[in-house]
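Observations on the three-dimensional arrangement
What follows is each chain in one-letter form.
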Amino acid sequence: MTIAEISPLTDTSLDLLELRHRRRESALHQLVQCAVEHQAVRHPGLLETLLVRRERFGSTALGRTHAVTGAWSWCVRTPLVVVGLSGKGLDWGDDVGVDVELVALVLTPGESGEELHFRRMEAVTGAFRLQRQRQRLFDHRDLPTLSLLLRELPR
Amino acid sequence: MSAVEGFLELHDLDVLLAQAGDDARRGRLRRMGYTLGPAPALVRERERLAGKLDRRWLNLYERSLGRYGRGLSAVRNRVCLGCRLTLPTSAAPPPGEAQLHVCEGCGRLLLWD
């Protein structure tokens, strides 16, 4: 009998990146561009418009240091969660003192149900609610840690 | 902006409006920790956007929106993802062109992949 070592499969529905900019719109643009590279988006311009509009409807910053935004849209081809980390902090809207260090973008395709999108959003907001979870990601800054934190995420 | 993109943007705005106007959805978002703003600004934005779109297509879109809750559907491998009807080959737009079509099965506007 031959025993072969099987390396773990890469989860292509998650990605982690370093945010380069300080402005919210620039950070959203970078996250959408990452989703474009994953071929998860049909109309990136429209998706960005939707995300900016969502911010006007109510900020997606949860607490002082992290934000979770998302879209359930026909602009999205495949489900994807992109998490961006910012060492310098992002200016997230007009609330004084809000300096966001972690941004998650949850994308759910339009053909999936809205219920699935809500469950995905709940899984991501739940995973990053605790400071120690976010700190764990900041300490490791790798996909396996992100996968572990988002293990409850419905695919 | 093409007509297809216009309806896509309108559809996304309608999804936001549905979240803003529905107590169950708003409650769920609040439980996640979101603070939500007032919906009237979104309604005004929708009126502005709808004003730019072709009236005939808009009527068809709004009819499907009222009936199914969504006025737009994507097509993948010639199948309408709204009602799962296989569409005839002749219904597909020429490659590289984005055109508006209506699904023969459900009446939603179609977004060809």
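Residues numbered from 1 in each chain as written. Chains lettered and ligands numbered in written order. Predicted model: local features only at pLDDT ≥ 70, side-chain atom pairs only at ≥ 80, totals over all residues.

To continue, consider the nonpolar core. Core analysis: the biggest nonpolar cluster contains 64 residues, and A35, C75, V81, V103, A104, L105 and V124 of chain A have the highest contact counts within it. When residues in this core are grouped by element, the largest group, eight residues, is from helix α1 (residues 3–21) of chain B. Discounting chain neighbours no more than four positions away, the residues touching A35 of chain A are A40, V41, L80, V82, L105 and L107 of chain A. (Core = buried A, V, L, I, M, F, W, Y, C linked by C-beta atoms within 7 Å. Buried ≥ 20, exposed ≤ 12 C-beta atoms within 10 Å, placed from the backbone. Helix = DSSP H or I, 4+ residues; strand = E, 2+ residues; numbered from the N terminus. Contact = placed C-beta atoms within 7 Å.)

Each partner contributes residues to the interface: chain B has 20 residues there, and chain A has 21 residues. Contributing elements (two or more residues each) for the side of chain B that touches chain A: α1, α2 (23–32) and β1 (72–76) of chain B. Residue contributions to the side of chain B that touches chain A peak at eight residues, all from α1 of chain B. Grouping the constituent residues of the side of chain B that touches chain A by class yields twelve nonpolar, four polar and four charged. (Nonpolar A, V, L, I, M, F, W, Y, C, P; charged D, E, K, R; others polar.)

Let us look at the packing of α1 of chain B against helix α3 (residues 40–51) of chain B. Residue and element names in this part refer to chain B. Close contact between α1 and α3 brings their axes to 10 Å; oriented N to C, the two are set at 160°. Considering the angle they form, α1 stands roughly antiparallel to α3. When you trace α1 past α3, the crossing you get is left-handed. Note on element contacts: α3 touches α1 through L42, V43, E45, R46, L49 and A50, opposite E9, L10, L13, L16, L17 and A20. (Axes fitted to C-alpha atoms, helices over the stretch in contact; angles between N-to-C directions. Parallel < 35°, antiparallel > 145°, perpendicular 65-115°, else oblique. Left-handed = near helix turned anticlockwise from the far one by under 90°.)

All names here are of chain B. Spatial ordering of the open sheet is given by β2-β1-β4-β3, a layout of four strands whose pairing is mixed. A single partner strand is all that each edge strand has here, and the edge strands are β2 (79–80) and β3 (101–102). In this structure, β1 lies alongside strand β4 (residues 109–112), joined through four bridges in parallel fashion. Counted as the bridge partner of A74 is L111 from β4. (Pairing = 2+ DSSP bridges.)

Our next topic: the packing of helix α2 (residues 44–57) of chain A against α1 of chain B. Running from amino to carboxyl end, α2 of chain A crosses α1 of chain B at an angle of 25°, the nearest separation of the two axes being 10 Å. By the angle between their axes, α2 of chain A is roughly parallel relative to α1 of chain B. Both α2 of chain A and α1 of chain B take part in a crossing whose hand is right-handed. In contact with L46, T49, L50, R53, R54 and F57 of chain A of α2 of chain A, α1 of chain B contributes E5, L8, E9, D12, L16 and A20 of chain B. The residue inventory of the contact of α2 of chain A with α1 of chain B, partitioned by class, reads six nonpolar, one polar and five charged.

With that settled, the discussion passes to the sheet that holds strand β1 (residues 14–18) of chain A. Residue and element names in this part refer to chain A. The strand order β1-β4-β5-β3-β2 describes an open sheet built from five strands, whose pairing is mixed. At either margin of the open sheet sits one strand with a lone partner, and together these are β1 and β2 (61–62). Relative to strand β5 (residues 99–109), strand β4 (residues 80–91) runs antiparallel, the two being bridged by eight bridges. Note that in β5 the partner of V83 across the bridge is A104. Together, β1, β4 and β5 form the strand contacts of helix α1 (residues 24–37), whose direction differs from that of β4 by roughly 150°.

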